[in-house]
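# Fold and geometry: a report
Listed below are the residues making up each chain.
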Amino acid sequence: MATSVPKILIIRFSSIGDIVLTTPVIRCLQQQLGAEVHFLTKASFAGVLKANPYLHKIWTIQKKVSEVLPELKAQQFSAIIDLHNNLRSRRLRFGLLGVRTYTFNKLNWQKWLLTRWKINWMPDLHIVDRYLLAAAPLGIINDNNGLDHFIPAEDVVTPALLGIATPFIALVIGAAHATKRLPMEKLRELCVTLPVPVVLLGGPDDKDVGEKIAHGLDHVHNSCGALRLHQSADVLRQAEVVITHDTGLMHMAAALRKPILSLWGNTVPAFGMYPYLPGQQTLNTSFEVPDLGCRPCSKIGYPHCPKGHFKCMLQQDIEAIAQEAVKKMAN
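Residues numbered from 1 in each chain as written. Predicted model: local features only at pLDDT ≥ 70, side-chain atom pairs only at ≥ 80, totals over all residues. Heavy atoms only, no water.

### Considerations on the packing of aromatic side chains
- Taken as a whole and judged by the stated rule, the model has three aromatic pairs.
- With a centroid separation of 6.0 Å and 70 degrees between ring planes, the pair formed by tyrosine 54 and phenylalanine 150 is classed as edge-to-face. Placement of the pair is tyrosine 54 in the loop between β2 (36–42) and β3 (57–61) and phenylalanine 150 in the loop between α6 (127–135) and β6 (169–172), with a sequence separation of 96 residues.
- Aromatic side chains phenylalanine 104 and tyrosine 131 sit 4.9 Å apart centroid to centroid with 80 degrees between the ring planes, which places their arrangement in the edge-to-face category. (Phe/Tyr/Trp six-rings, centres within 6.5 Å; stacked < 30°, edge-to-face > 60°. Helix = DSSP H or I, 4+ residues; strand = E, 2+ residues; numbered from the N terminus.)

Right, dumping it as structure tokens:
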């Protein structure tokens with residue numbers, strides 16, 4: 001008698017980095033169980049996974065789960081893995097009553113303790129491992145193969161055709177929140193200090209800042225806003241070293257197994273979202289300003305430093321960052 005193939009729906013609505021962090025769950029479900037894996041996310045983020053070979057189908061919504069609920073009901077899923085665990089995903093789970101559901105603990109209480117009172121009760125466990133634990137009752141184990149990111153053939157770039165000199169360092173200047181980003185003046189100082197070609201990466205909102213950083217610096221190429229997401233990922237793939245804030249491209253760089261210098265402002269690695277590199281954690285070097293009693297001030301970020309001084313970024317050791325980048329480049 002043939003055994004039915006598990007049909008599993010993963011829910012993660014946003015954002016780029018969080019979706020990349022779900023990829024070990026996708027892979028393990030498909031490889032270890034032979035499951036037909038479906039993924040539900042917001043339409044604006046569906047492209048992150050479009051080339052993932054372990055996915056059977058990507059479902060999208062604009063705003064409401066009701067947009068796809070009838071179609072999802074018809075799929076008769078054998079299980080749901082809710083890796084977002086918010087009101088919207090709970091509404092979907094309610095609409096699919098009768099389907100076995102597995103969720104992960106967002107540890108909001110522990111995060112509040114850490115941000116509000118600086119009491120660290122966070123487990124020493126990466127969020128990827130917590131995602132995998134949520135799915136473990138289905139019979140999967142961590143294969144320790146890290147994150148996945150697949151670049152579509154049409155998004156492979158040739159640096160020379162973009163005017164990029166090689167070998168180069170990729171510098172990710174963007175992040176969703178200002179308190180995660182080095183100020184423009186510090187980013188320019190870093191570029192001035194780096195003695196090798198630098199490619200700036202970011203979205204359309206970072207284009208003007210990128211132009212100011214690169215102005216008058218012949219070894220700095222501003223790609224912000226000029227590349228599609230996967231093209232930026234391909235630049236990361238071809239970089240010798242990636243310098244990045246706590247942002248989605250940081251996790252893509254980890255998926256591509258690149259040497260990383262991660263720069264931390266208002267957030268901290270203790271939240272469990274540092275570059276996920278099982279067996280290769282030395283590829284990442286984290287830079288934080290030590291002994292700041294105000295860190296972390298938020299698990300996400302702010303438009304401005306709530307204390308007004310922004311020491312977590314203004315006091316970053318630019319010379320040390322540049323030296324470590326050159327050192328990693330030589331290895």
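### Remarks on the pattern of salt bridges
- For the structure shown, the criterion picks out 11 salt bridges.
- As a salt-bridge pair, aspartate 143 and arginine 27 come within 2.7 Å of each other at their nearest N and O atoms. Highlighted residues: aspartate 143 in the loop between α6 and β6 and arginine 27 in helix α2 (residues 23–33), separated in sequence by 116 residues.
- Here arginine 27 falls in the buried class, since its relative accessible area comes to 3%.
- Taking the shortest distance from any N to any O, the salt bridge between aspartate 148 and arginine 27 comes out at 2.9 Å. Taken together, the residues span a long stretch of sequence, with aspartate 148 in the loop between α6 and β6 and arginine 27 in helix α2 at a distance of 121 residues.
- Residue aspartate 148 is classed as buried on the basis of its relative accessible area, which comes to 13%.
- What you see here is one network of salt bridges that share partners, running through Arg27, Asp143 and Asp148. (Salt bridge = Lys/Arg side-chain N within 4 Å of Asp/Glu carboxyl O. Buried < 20%, exposed > 50% of the residue type's maximum accessible area, 1.4 Å probe, protein only.)

### Concerning the sheet that holds β2
- Strand order in the open sheet formed by five strands is β3-β2-β1-β4-β5, with parallel pairing between adjacent strands. The sheet is open, and its two edges are formed by β3 and β5 (100–103), each paired on a single side. Strand after strand, the sheet turns through a mean of 20 degrees between neighbouring axes, direction not considered.
- In the sheet, strand β1 (residues 7–11) pairs with β2 via five bridges, with the strands oriented parallel. (Pairing = 2+ DSSP bridges. Axes fitted to C-alpha atoms, helices over the stretch in contact; angles between N-to-C directions.)

### Points about a nonpolar patch on the surface
- Taken together, the side chains of Trp109, Trp112, Trp117, Ile119 and Trp121 define a hydrophobic patch exposed on the protein surface, amounting to about 630 Å² of accessible area.
- When you line up the elements, tryptophan 109 lands in helix α5 (residues 108–117).
- Of the residues examined, tryptophan 109 reaches a relative accessible area of 54% and is grouped as exposed. (Patch = residues over 30% accessible without salt bridge, like charges linked within 9 Å, V, L, I, M, F, W, Y side chains within 5 Å. Areas by Shrake-Rupley, 256 points an atom, 1.4 Å probe, with all protein chains shown as cover.)

### A look at the packing of helix α7 (residues 184–193) against helix α12 (residues 318–330)
- For the pair α7 and α12, interaxial distance at closest approach is 9 Å and the crossing angle is 45 degrees. Put simply, α7 runs oblique to α12. Note that α7 runs across α12; the crossing there is right-handed. In this structure, α7 contributes Lys186, Glu189, Leu190 and Thr193 to the contact, and α12 contributes Ile318, Glu319, Ile321 and Ala322.
- Grouping the constituent residues of the contact of α7 with α12 by class yields four nonpolar, one polar and three charged. (Parallel < 35°, antiparallel > 145°, perpendicular 65-115°, else oblique. Left-handed = near helix turned anticlockwise from the far one by under 90°. Contact = heavy atoms within 4.5 Å. Nonpolar A, V, L, I, M, F, W, Y, C, P; charged D, E, K, R; others polar.)

### Side note on helix α8 (residues 207–214)
- Gly210, Ile213 and Ala214 are the residues of α8 that are buried. For α8, the angular spread of the buried residues around the axis is 90 degrees, confining them to a single face. Exposed and facing more than 90 degrees away from the buried side of α8 are Asp208 and Lys212.
- Residues of α8 that are buried sit in contact with α7, β7 (198–201) and β8 (220–222).
- At the C-terminal side of α8, glycine 216 shows a positive phi close to 80 degrees. (Arc of directions from axis to C-beta.)

### With respect to the side chain of threonine 267
- Here threonine 267 lies in the loop between β10 (260–263) and β11 (284–287).
- Owing to a relative accessible area of 2%, threonine 267 belongs among the buried residues under this scheme.

### What to know about the state of the cysteines
- Throughout the structure, instances matching the rule amount to zero disulfides.
- Between cysteine 297, a free cysteine, and cysteine 312, which holds the nearest cysteine sulfur, the sulfur-to-sulfur gap is 6.4 Å.
- Cysteine cysteine 305 shares no disulfide, and the gap to the nearest cysteine sulfur, in cysteine 312, comes to 6.2 Å. (Disulfide = S-S within 2.5 Å.)

### Focus: the packing of α7 against α8
- Where α7 meets α8, the closest approach of the two axes is 9 Å, and the angle between their N-to-C directions is 45 degrees. The orientation of α7 with respect to α8, classified from their angle, is oblique. Viewed along their axes, α7 and α8 form a crossing whose handedness is right-handed. Residues Met184, Leu187, Arg188 and Cys191 of α7 form the contact with α8, whose participating residues are Val209, Lys212, Ile213 and Ala214.
- For the contact of α7 with α8, the residue count by class is six nonpolar, no polar and two charged.

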